[in-house]
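# A look at the structure
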Amino acid sequence: MRPVSTLVLLGLLKAVASQQISDIWQTTWDRKMLFTYFQPTPDPINFVSPGAIGSADIVVDDSSVYQTILGFGASLTDSSAQLFHNLKSQNSNNYWELLDYLFNITDAADSAGFSYIRVPLGASDFSANTYSYDDTSGDVNLNAFNIGAAPSYVFSTLSDILSINQGLRVHVVPWSPPGWMKSGTMDGGSLNTAYISVMANYLLKSLQGFQSKGIPIYAISIQNEPENSNPTYPTCSMPVSTEAQIGLKLRTLMNSNGFQNTKIIGYEHNWVDAANYPVQLMQQAGSAFDGVSFHCYQGSVSEQAEFTSQYPNKVWWMPSDYDFVDAPSSWALQVGAYVTGRVLSTDWERYSIVVLNWDDSASTTWNPQPVEATIEFRGMQASIPEATHLLLLDLVMFQATYTFPVGVTTLWWYAPAN
Ligand SMILES: *[C@@H]1O[C@H](CO)[C@@H](O)[C@H](O)[C@H]1NC(C)=O
């Protein structure tokens, strides 16, 4: 008898110690769920020996792991900071709840856990007024530089976010140099190259200004969208050679003023020109730049390879946009898979998948199509019973598919490091 009971015991232990899905977050097309947390049925979902696959089969293969993600986040423009500020004065409880919901990175905090924020230096297209930190024409020594030209709610909002997430990475970038360094306005045009050194100093003073407000800066870019000049809002076209020279001067200034750990990022523009501007920037000033960032308004993510094939270690920045998953568009599901370390190296790692089902069959009438998918991991399959009442009858009939409604679903499980 003894060996048998030992076997049973081992079997039980194994079931407890294997991967399980315990939490799901879902946003559905009908807005019945908006990033809503719920426990799965059954709770938890175990991974078991695989059966038949569903109409889609999601296979998470962690034998090859791709790029490291520094964090997720958003831009905090003047207008978004103003919205936060207005909420704080009207309903401070809601304000703090919202900040917690967005930025708390504590395990199990039920939060988006944002940890990367991009902040314009001076006015952007989302500002109440057009201003720079020094609007005194001809002030080449920047004696009139004043970080307080920015609305105070930018700094108070950032301080409040930092109080929730001390690991927040703040990335600053100007939409334009001060107008007097151009043809008189921040709206469109280009930098007068006589002011290249002045502009490098202006960026150093911007870093010092944020520091004086208690906001540490993780990275700075020279110019947002240097290939875009628009006379209706702060923009500036900046040729590669100008950005390269500013970058080299700024790196030197930062190194001798205590900002040697702050990164300098270049380009900040679309995939479509990946083979040209950022490549030339690396050729002319690679030592000054820690990397380049891409926007996705023009071109496709595959064009990024025209840069990364030459400078594989210089791109990990895609801070401004929304759809960097460039999966085949013919299929309903787009899936991202992630593994995150935890507090102790001995803790099991966290695996998660984010599944977008965008099959609305819109070529006919609005007709959202749920997709029944199996989920495979390390030769095991997530086992989702067809209906819970079958379990009560002790009929182990596993359909083993998870039904993904049109919307976004996130599932996760722990597993030992591979
Ligand atoms: C973050 O979330 C944790 C877990 O819910 C909570 O205990 C903590 O107070 C939150 N931290 C902040 C700064 O809100």
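For clarity, every value in this text was computed on a predicted model and none was experimentally measured. In this convention, every chain numbers its residues from 1, walking through the sequence in written order. Only residues with pLDDT of at least 70 get local features here, since the model is predicted, and only at 80 or more are side-chain atom pairs given and counted; chain-wide, interface and lining totals rely on the full set of residues.

## Comments concerning the overall build of the chain
Condition: Helix and strand definitions follow DSSP, with helices as H or I runs of at least four residues and strands as E runs of at least two, each counted in order from the N terminus. Exposed residues have 12 or fewer other C-beta atoms within 10 Å of their own C-beta, buried residues have 20 or more, and partly exposed residues fall in between, where C-beta atoms are placed from the backbone. The contact criterion used is a C-beta to C-beta distance within 7 Å, with each C-beta placed from the backbone.
From N to C terminus, the chain includes nine helices and 17 strands. When burial is assessed residue by residue, the chain has 33% of its 418 residues classed as buried. For the chain, long-range pairs separated by at least 24 residues make up 71% of all intrachain contacts whose partners lie at least 6 apart in sequence.

## Quick look at the packing of helix α3 (residues 92-103) against helix α4 (residues 152-164)
Keep this limit in mind: Convention adopted: a line fitted to C-alpha atoms gives each axis, helices being fitted over their contacting stretch, and angles between N-to-C directions are expressed from 0 to 180 degrees. An angle below 35 degrees is read as roughly parallel, one above 145 as roughly antiparallel, one from 65 to 115 as roughly perpendicular, and any other as oblique. Take the far helix as the reference: if the near one is turned anticlockwise from it by less than a right angle, the crossing is left-handed, and if turned clockwise, right-handed. Throughout, the ten residues Ala, Val, Leu, Ile, Met, Phe, Trp, Tyr, Cys and Pro are labelled nonpolar, Asp, Glu, Lys and Arg are labelled charged, and all others, Gly among them, are labelled polar.
Running from N to C, α3 and α4 cross one another at 60 degrees; their axes reach a closest spacing of 10 Å. Here α4 runs oblique to α3, going by the angle between their axes. Crossing of α3 against α4: the hand is right-handed. Residues L99, D100 and F103 of α3 lie in contact with α4, whose contacting residues are D160, I161 and I164. Grouping the amino acids of the contact of α3 with α4 by side-chain chemistry returns four nonpolar, no polar and two charged.

## A few points about the confidence of the model for the chain
The predicted coordinates of low-pLDDT regions are not to be read in fine detail. Filter applied, for reference: Each residue carries a pLDDT score, the predictor's confidence in it, ranging from 0 to 100.
Residues at a pLDDT of 70 or more form 88% of the chain, whose mean pLDDT is 87. Throughout residues 1-16 the model reports pLDDT below 50, and contacts reaching past four residues in sequence, or to other chains, amount to one contact. Throughout residues 319-329 the model reports pLDDT below 50, and contacts reaching past four residues in sequence, or to other chains, amount to 19 contacts.

## Remarks on helix α7 (residues 277-285)
Buried residues of α7: Y277, P278, V279, L281, M282 and A285, and no others. Of the surrounding secondary structure, the elements contacted by the buried residues of α7 are α6 (240-255), β9 (263-270), β10 (291-295) and α8 (305-308).

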